[in-house]
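For reference, the chains in residue letters:
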Amino acid sequence: MKKRIALALFASASSMAVSAADTRSQSMGNVGVASADYLSSVLINPALINRHSDDSDDFGIIFPSANVFVRDEQELLDHIDTFQDSFDELSDLLEQLESGGNVSPDELDRARKQLSSNLAMLDGGINVEANFAAALASPSRIGGFALYANTDIDLNANIFISEDDVNVIANAETVDELEALNSRIQAVGAAISEIGFAYANQFTLSNKQVFWSVTPKYQQVDSINYVTSIDDFDEDDFDANDYTKTESNFNIDFGLATEVNDKVTVGLIAKNLIENDYDSVVSQGIKPSYKVGPEFIAGISYNGEIVTLAADIDLTAPQHSNLVKESQYARLGLELNAFDWVQIRAGYRHDFSGPQEDSYSLGLGFSPFGVVRLDLMAQTSGDNDMGAGLQLSFTL
């Protein structure tokens, strides 16, 4: 009988939790559907580009934006290393026994018990999420536009612990018998790279300006499938190119936003409206698929001179893979603006559908002279769980 433990290993996660969001938004709990400024909205809800078309900025560039999150609450990688050390120790003893060496029964029994104990420790999960992006945008009442390039990494690993391996360890008399362990590690997922062009405009409905955007985009999906035995797994020697299949497609996003009054904005973004399935390479007879499909996120924000408050909620939890339960988030964010050149930010994110722990984020923004802006972000949701982000942008 096999026990399956799903975990994430470099990298999302958690159904692309870092997907296409700038560092400012990440530091505010990954909000932005109604609260992003015109430049960061390129990566979240481009309909907001024209909401800011009366501002003094005519053109902006983000280069680069990089956000990385690492979760290892159970210190799983350390436990894998410990298991492999004890596996090597028992293998050495069995090799000595095969060659006629002097190995005491007590020493052999101790090594067997240690390896079985370390096998039982392989639990918990690791999650590394990453997002890298660059963008440029120009707001205009006659039609704003933006160009962007973005890469999201979403790779899940699953460890299959065979309970029969306890008997294998207890009864192995040779190295070959010990190497017959059935437990496996499987890493599946994708790196999704996009190049998109966003066009934004507005119309009047019931005396309200409704801002909208359409974003056709080219997507390249590098799906990955890597399966190996737990005694052979080595993250340092892992070469993703050997287990990756590359495919490409076109997709499209639509965004909406409107101002309830001069302080409150609501927004909606519909992403990846064309559903596509991608097959991975075959590894040890296993061939999973990866899905990119529609995602819908709604948001509301209060935008004051000093205080910005925002909330976003995932209306769907798209199923990228059938190996893990997908996450669906509610998010809250706060920004305090001091003298228009220093911003202090905080955020909170709750997964009300999937397995992720609540996360908390903090951030700082520096925007001297309103031309250059540096954004920094830190995030945590518990022990051995942290994230960091950095973004540099320029506005003219």
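Residues numbered from 1 in each chain as written. Predicted model: local features only at pLDDT ≥ 70, side-chain atom pairs only at ≥ 80, totals over all residues. Heavy atoms only, no water.

(A) Spatial organisation of the side chain of R345. By the secondary structure assignment, R345 is in strand 14 (residues 342–351). Only 2.6 Å separates the side chain of R345 from the side chain of E335, close enough to count as a polar contact. A polar contact is formed between the side chain of R345 and the side chain of D375, at a distance of 2.9 Å. (Helix = DSSP H or I, 4+ residues; strand = E, 2+ residues; numbered from the N terminus. Polar contact = N/O pair within 3.5 Å; in protein donor to acceptor, adjacent residues only side chain to side chain.)

(B) Quick look at helix 2 (residues 76–98). With 23 residues, helix 2 should reach 33 Å at 1.5 Å per residue; the first-to-last C-alpha distance of 33 Å fits that figure. If you check which residues of helix 2 are buried, you get L76, H79, I80, F83, Q84, S86, F87, L90, S91, L93 and L94. One or two positions beyond helix 2, positive phi appears at G100, with a value near 85°. (Expected span 1.5 Å × (residues − 1). Buried < 20%, exposed > 50% of the residue type's maximum accessible area, 1.4 Å probe, protein only.)

(C) Representation of the packing of aromatic side chains. Enumeration according to the criterion identifies 5 aromatic pairs in this entry. With 6.3 Å between their ring centres and 35° between their planes, F83 and F87 make a pair best called tilted. Pair noted here: F83 and F87 are both in helix 2, with a separation of 4 residues, about one helical turn. On the basis of relative accessibility, which here comes to 5%, the residue F87 falls in the buried class. With centroids separated by 5.6 Å and ring planes inclined at 65°, the aromatic side chains of Y218 and F250 adopt a geometry described as edge-to-face. Pair noted here: Y218 is in strand 6 (residues 208–229) and F250 is in strand 7 (residues 244–259), with a separation of 32 residues, a long-range link. Owing to a relative accessible area of 61%, F250 belongs among the exposed residues under this scheme. One residue, R349, lies across the ring of Y329, its end atom 4.3 Å from the ring centre. (Phe/Tyr/Trp six-rings, centres within 6.5 Å; stacked < 30°, edge-to-face > 60°. Lys NZ or Arg CZ within 6 Å of the ring centre and 35° of its normal.)

(D) Representation of a nonpolar patch on the surface. Among the surface-exposed residues, I306, L336, F339, W341, I344, L364, F366, L374, L376 and L390 lie close enough to one another that they form a single nonpolar patch of about 920 Å² accessible area. At the level of elements, strand 15 (359–366) and strand 16 (372–382) are the ones that each hand at least two residues to the nonpolar patch. Inspection of the secondary structure puts L336 in strand 13 (residues 329–338). (Patch = residues over 30% accessible without salt bridge, like charges linked within 9 Å, V, L, I, M, F, W, Y side chains within 5 Å. Areas by Shrake-Rupley, 256 points an atom, 1.4 Å probe, with all protein chains shown as cover. Salt bridge = Lys/Arg side-chain N within 4 Å of Asp/Glu carboxyl O.)

(E) Representation of unusual backbone geometry in the model. Cis peptide bonds are those with omega within 30 degrees of zero, and the linkage from F63 to P64 qualifies with -5°. Of note, P64 is situated in strand 2 (residues 60–71). Phi at N30 takes a positive value of approximately 70°, unusual for a residue other than glycine. As for its position among the elements, N30 is in the loop between helix 1 (23–27) and strand 2. Residue N30 is classed as buried on the basis of its relative accessible area of 9%. Positive phi, close to 65°, is recorded for D340, a residue that is not glycine.

(F) Expanded view of the pairing of strand 17 (residues 385–395). Residue alternation in strand 17 divides its side chains into a buried set, D385, G387, G389, Q391, S393 and T395, and an unburied set, M386, A388, L390, L392 and F394. Bridge count between strand 2 and strand 17: 10 bridges; the pairing is antiparallel. By the bridge assignment, I61 is partnered in strand 17 with F394. Bridge analysis of strand 16 against strand 17 gives 10 bridges, and the strand direction is antiparallel. (Pairing = 2+ DSSP bridges.)

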